[in-house]
Amino acid sequence: MRRKIIAGNWKMNNDLKETQNLITKLTSGLSGESINCEIIICPPFTSLSEAYSLIKDTKIRLGAQNMYFESSGAFTGEVSAEMLKSAGCEYVILGHSERRNIFGESNQMINKKLKKALNSGLKPIFCVGELLEERETGITEKVIANQVVEGLNDITLEEMGKIIIAYEPVWAIGTGKTATPEQAQEVHEFIRGIIKGKYNESVSENVIIQYGGSVKSDNAKDLLSRKDIDGALVGGACLKADSFIGIITAA
Ligand code: PGA
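1. Let's talk about the overall build of the chain
Logical step 1: In terms of helices and strands, the chain carries 12 helices and 8 strands.
Logical step 2: Against the compact-globule benchmark of 18 Å for 251 residues, the chain has a radius of gyration of 17 Å, which places it among compact chains.
Logical step 3: In terms of overall dimensions, the chain has a C-alpha envelope of 45 × 45 × 35 Å along the principal axes.
Logical step 4: Counting over 251 residues, the chain shows a buried share of 53%.
Logical step 5: A separation threshold of at least 6 residues defines the contact pool for the chain, and within that pool the share at least 24 residues apart is 72%.
Logical step 6: Accessible surface, the chain as shown: approximately 11,400 Å² in total, 50% of it carbon and sulfur.
Logical step 7: Seen as two clouds, the 29 positive and the 32 negative side-chain charges of the chain have centres 3 Å apart.

Structure (structure tokens):
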């Protein structure tokens, strides 16, 4: 049985004070609940150390939203895997659609970042997803296959065991338009099939595939009950403790 993983992507939200407030509400709200899933929060870089100090004795794990593939040097504005580890991160989101579409990250760059994260002992949450026009022109599977195959180029079988995949249809992110559980399940099954072809059945059966795109406490249960949906990558709804806890308890 694959475990469920609920991750909150804070995006560019929450300064230090807001970080403390949100985490305090989260930890106290979760203390009475029996939790059957893994919980990850991904605050902005400036809040990572503070977040780590507040969650280190809880069940919540820490992730970052991005990193660069070099260890150090003249890369103004970038942050390395080593730096994220030293701030307490276990996970890092890579290839989020906002990185791909606003900051121009290619599959090749995301692949370099995946390798660097794995070599440094960080577990990547590797995001893929099609644009609305790609879905409407019927090329969703082609786009997803290309992102998965190019992103995972030269990633070994052992390494694949440490990667979480997040399927996030771009048209569902921050729009309030969730993919239906059927639409999501269909793509998750397709991705699992690609992993089976590239690696083997056991790797494909074990890989965690999260869904992301307007997940809320009221639609989480239905999405998470589908065979190939193993968790959620949550944006907007993770910024309020109540709604994030609602998704965690649905899992
Ligand atoms: P959303 O974002 O939940 O606000 O749609 C999801 C994401 O971008 O990871």
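Still to come is the rest of the account.
2. Brief notes about the nonpolar core
Logical step 1: In terms of nonpolar packing, the biggest core is built from 66 residues, with I41, L152, I165, I191 and I195 touching the most fellow members.
Logical step 2: Apart from the residues within four sequence positions on either side, L152 is in contact with N111, L114, F126, M160, I163, I195, K198 and Y199.
Logical step 3: Grouped together as the second largest cluster of nonpolar side chains are 12 residues, I5, I125, I164 and A166 included.

3. A word on the site of the ligand
Logical step 1: Inspection of the region around the ligand gives 13 residues, with K11, H96, E168, G174 and S214 positioned closest.
Logical step 2: The separation between an oxygen atom of the ligand and a polar side-chain atom of K11 is 2.7 Å.
Logical step 3: G235 is positioned such that a nitrogen or oxygen atom in its backbone is 2.9 Å from an oxygen atom of the ligand.
Logical step 4: Bound to the protein, the ligand loses 96% of the 280 Å² it would expose on its own.
Logical step 5: Of the residues that constitute the shell around the ligand, the class distribution is 4 nonpolar, 7 polar and 2 charged.

4. Things to note about unusual backbone geometry
Note: most peptide bonds trans; most residues except glycine with negative phi.
Logical step 1: Notably, D154 is not glycine yet its phi reads approximately 65°, a positive angle.
Logical step 2: Tracing the backbone through its elements, the reader meets D154 in the loop between α7 (140-151) and α8 (157-160).
Logical step 3: For D154, a relative accessible area of 58% gives the class exposed.
Logical step 4: Notably, S214 is not glycine yet its phi reads approximately 55°, a positive angle.
Logical step 5: The class of S214 is buried, set by a relative accessible area of 10%.

5. Examining helix α9 (residues 181-198)
Logical step 1: The first and last C-alpha atoms of α9 sit 26 Å apart over 18 residues, in line with the 26 Å expected at 1.5 Å per residue.
Logical step 2: Inspection of α9 places P181, A184, Q185, V187, H188, I191, R192, I194 and I195 among the buried residues, and these make up the whole buried set.

6. Remarks on the packing of aromatic side chains
Logical step 1: Within the structure shown, the criterion is met by 3 aromatic pairs.
Logical step 2: Taken together, the ring pairs connect Y68, F69 and F75 into an aromatic cluster.
Logical step 3: Against the face of F103 rests R99, its NZ or CZ located 4.1 Å from the ring centre.

7. What to know about the sheet that holds strand β2 (residues 38-42)
Logical step 1: Taken together, the 8 strands give a closed barrel; going around it, the order is β1-β2-β3-β4-β5-β6-β7-β8, and neighbouring strands pair in parallel fashion. Within the sheet, the average angular offset between the axes of one strand and its neighbour, ignoring direction, is 25°.

8. A few points about the state of the cysteines
Logical step 1: Scanning the entire structure with this criterion turns up 0 disulfides.
Logical step 2: Unpaired in this structure, C127 has its nearest cysteine sulfur neighbour in C42, at a distance of 9.2 Å.
Logical step 3: Of the residues examined, C127 reaches a relative accessible area of 1% and is grouped as buried.
Logical step 4: Here C238 stays free of any disulfide, with the sulfur of C42 as its closest cysteine sulfur at 8.2 Å.

9. Describing the pairing of strand β1 (residues 5-9)
Logical step 1: Here β1 lies mainly inside the structure; 5 of its 5 residues are buried.
Logical step 2: Burial along β1 is two-sided: the face carrying I5, A7 and N9 and the face carrying I6 and G8 are both buried.
Logical step 3: Bridging between β1 and β2 involves 5 bridges; their strand directions are parallel. Across the sheet, the residue bridging to I5 is E38, located in β2.
Logical step 4: The parallel pair β1 and β2 is bridged by helix α1 (residues 16-31), and the resulting crossover is right-handed.
Logical step 5: For β1 and strand β8 (residues 231-234), the ladder comprises 4 bridges, and the chain directions are parallel. Residue pairing for β8: G8 is matched across the bridge by V234.

Cut-offs used in this document
- Residues numbered from 1 in each chain as written.
- Predicted model: local features only at pLDDT ≥ 70, side-chain atom pairs only at ≥ 80, totals over all residues.
- Heavy atoms only, no water.
- Helix = DSSP H or I, 4+ residues; strand = E, 2+ residues; numbered from the N terminus.
- Rg over C-alpha atoms; globule rule 2.2 N^0.38 Å.
- Buried < 20%, exposed > 50% of the residue type's maximum accessible area, 1.4 Å probe, protein only.
- Contact = heavy atoms within 4.5 Å.
- Areas by Shrake-Rupley, 256 points an atom, 1.4 Å probe, with all protein chains shown as cover.
- Lys, Arg positive; Asp, Glu negative; His and termini not counted.
- Charge placed at Lys NZ, Arg CZ, Asp CG, Glu CD.
- Core = buried A, V, L, I, M, F, W, Y, C linked by side-chain atoms within 4.5 Å.
- Near = heavy atom within 4 Å.
- Polar contact = N/O pair within 3.5 Å; in protein donor to acceptor, adjacent residues only side chain to side chain.
- Nonpolar A, V, L, I, M, F, W, Y, C, P; charged D, E, K, R; others polar.
- Expected span 1.5 Å × (residues − 1).
- Phe/Tyr/Trp six-rings, centres within 6.5 Å; stacked < 30°, edge-to-face > 60°.
- Lys NZ or Arg CZ within 6 Å of the ring centre and 35° of its normal.
- Pairing = 2+ DSSP bridges.
- Axes fitted to C-alpha atoms, helices over the stretch in contact; angles between N-to-C directions.
- Disulfide = S-S within 2.5 Å.
- Right-handed = clockwise from strand over helix to strand, strands pointing away.

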